[in-house]
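Remarks on the overall topology
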Amino acid sequence: MIGDSNGAAAGRRPIGVFDSGVGGLTVLEALRERLPHEHLVYLGDTARLPYGTKSPASISRYACQAAMALQERGIKMLVVACNTASSVALDALGKRLAPLPVIGVVEPGAAAAVSARPGGTHLVLATEATVRLGAYFKAIGERDREARVHELACEMLVALAEEGWTDGPIAESIVARYLQPVRDSGVDPDCVILGCTHFPLLAKAIVAAVGAGVAIVDSAGTTAAVAAHRLAEAGLLNESNERGGLTLLATDGATRFARVGGRFLGQRLDACDIEIVDL
Ligand code: DGL
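So, a few notes on the structure that sits alongside this text. (Residues numbered from 1 in each chain as written. Predicted model: local features only at pLDDT ≥ 70, side-chain atom pairs only at ≥ 80, totals over all residues. Heavy atoms only, no water.)

1. What about unusual backbone geometry?
Most peptide bonds take the trans configuration, and most residues that are not glycine carry a negative phi. In the segment running from leucine 49 into proline 50, the intervening peptide bond is cis, with an omega of 0°. Considering the arrangement of structural elements, one finds proline 50 in the loop between β2 (40-44) and α3 (56-71). For the bond from alanine 98 to proline 99, the omega torsion is 10°, close enough to zero to count as cis. (Helix = DSSP H or I, 4+ residues; strand = E, 2+ residues; numbered from the N terminus.)

2. Some remarks on the packing of aromatic side chains
Summed over the entire model, instances satisfying the criterion amount to 2 aromatic pairs. On the basis of an interplanar angle of 45° and a centroid distance of 5.6 Å, the ring pair of tyrosine 51 and tyrosine 62 is categorised as tilted. Separated by 11 residues along the polypeptide, tyrosine 51 in the loop between β2 and α3 and tyrosine 62 in helix α3 bring together distant segments of the chain. Take tyrosine 51 and tyrosine 62: they sit in the same class, and that class is buried. (Phe/Tyr/Trp six-rings, centres within 6.5 Å; stacked < 30°, edge-to-face > 60°. Buried < 20%, exposed > 50% of the residue type's maximum accessible area, 1.4 Å probe, protein only.)

3. What to know about the packing of helix α5 (residues 106-116) against helix α7 (residues 135-143)
Two elements in contact, α5 and α7, have axes whose closest approach is 9 Å; the angle formed by their N-to-C orientations is 55°. Judged by the inter-axis angle, α5 sits oblique to α7. The crossing of α5 and α7 is right-handed. Across the interface between the two elements, Val106, Glu107, Gly109, Ala110, Ala111 and Val114 from α5 touch Ala135, Tyr136, Ala139, Ile140 and Arg143 from α7. For the contact of α5 with α7, the per-class residue count stands at 8 nonpolar, 1 polar and 2 charged. (Axes fitted to C-alpha atoms, helices over the stretch in contact; angles between N-to-C directions. Parallel < 35°, antiparallel > 145°, perpendicular 65-115°, else oblique. Left-handed = near helix turned anticlockwise from the far one by under 90°. Contact = heavy atoms within 4.5 Å. Nonpolar A, V, L, I, M, F, W, Y, C, P; charged D, E, K, R; others polar.)

4. Quick notes on α5
Of all the positions in α5, only Val106, Pro108, Gly109, Ala110, Ala112, Ala113 and Val114 are classed as buried. Of the surrounding elements, those touching the buried residues of α5 are α4 (83-97), β5 (121-126), α7, β7 (191-194), β8 (215-217) and α11 (220-233).

5. A short note on the layout of surface pockets
Taking a probe equal in size to a water molecule and rolling it over the atoms shows the remaining empty space. Its boundaries defined by the atoms lining it, the largest pocket holds a volume of some 350 Å³. In this structure, the largest pocket is lined by 20 residues; those nearest its centre are Ser86, Ser87, Leu90, Val106 and Glu107. Contributions of two or more residues to the lining of the largest pocket are made by α4, β4 (102-103), α5, α7 and α11. The biggest single contributor to the lining of the largest pocket is α4, with 6 residues. Class assignment for the residues of the lining of the largest pocket results in 12 nonpolar, 3 polar and 5 charged. (1 Å grid on protein atoms, 1.4 Å probe; cavity = no way out; pocket = protein on both sides within 12 Å on 5 of 7 lines; lining within 4 Å. Points joined across faces, edges and corners; volume = space filled by probe spheres on them.)

6. Side note on the site of the ligand
Neighbouring the ligand are 14 residues, the closest being Ser20, Tyr51, Asn83, Thr84 and His198. Between glycine 52 and the ligand, the recorded distance is 2.8 Å, taken from a backbone N or O atom to an oxygen atom. A distance of 2.8 Å separates an oxygen atom of the ligand from a polar backbone atom of threonine 197. Calculation on the ligand without its partners gives an accessible area of 300 Å², and the protein chains cover 100% of this total. Most atoms of the ligand, that is more than half of them, are within 2 Å of grid points of the largest cavity. Along the lines of polarity and charge, the residues of the shell around the ligand split into 5 nonpolar, 7 polar and 2 charged. (Near = heavy atom within 4 Å. Polar contact = N/O pair within 3.5 Å; in protein donor to acceptor, adjacent residues only side chain to side chain. Areas by Shrake-Rupley, 256 points an atom, 1.4 Å probe, with all protein chains shown as cover. Sits in = over half its atoms within 2 Å of the grid points.)

7. Focus on the nonpolar core
Among the nonpolar cores identified, the biggest contains 58 residues, and Val17, Leu31, Leu125 and Phe199 are the most heavily contacted of them. It is helix α12 (residues 254-265) that provides the largest number of residues to this core, a total of 6 residues. Look past the residues within four positions of leucine 125 in its chain and what remains in contact with it is Leu152, Cys154, Leu179, Val192, Ile193, Leu194, Gly195, Cys196, Phe199 and Ile206. If you look at the next biggest cluster of nonpolar residues, it comprises 24 residues, including Leu43, Ile59, Ala85 and Leu93. (Core = buried A, V, L, I, M, F, W, Y, C linked by side-chain atoms within 4.5 Å.)

Structure follows, in structure tokens:
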């Protein structure tokens, strides 16, 4: 009996989710859909965005600070909703937060791509840091030896997503400009992996550039599935039937975060809905 109520109390603790900015909200949305009864606390490290152009040492330090801030809020699991931080710091975060389960987005993204196009030609759009580390190249190679993987750093797409300029001629021409060298080199992908959690926000512009017929894959759905599985395995699912709550934290710019984040969450957010925290 005592064990049961302790288990129920543990289940009521929130899942922590972080990214450098609003991009990780794409993963948060998938978590809300898959796990509607879970409480979620999201942290956007907007003061230090972008992560993708920073050194591994800085990215690791920022990611650890974000994770510790969420741990102080009593989370039961951490979802690193940032490919850059997942590529650079997932092992370090796992050790630091143990025994708390820590889930990244690169492995689930690679799994989604391999199941969408087995033996396919994958083009990974990601940040400079993720590309430099060849994170998807390794993760796909381990799952599918027939696959061919090309990686392309598209850092400016992060700024477009944060600005909310996610479709229309500006977004489309910037995506086309990034893809031009790929086309010139004769690479013809049958799968485009959105290897940065900001990029699903630009999916329309990316589809316009690559054309229909190319699979467009991101990590959100598969990451939520992994999170659900790990929670069930650990007996940490929230048993309540009520809709879980959402706490939004950012390290700077509450008004901007509310404006852009609200659009992506499909709900009106005001600056007062965002708590500013110092890491
Ligand atoms: N959204 C992040 C990612 O998935 C990072 C973008 C950035 O801060 O450069 O990689």
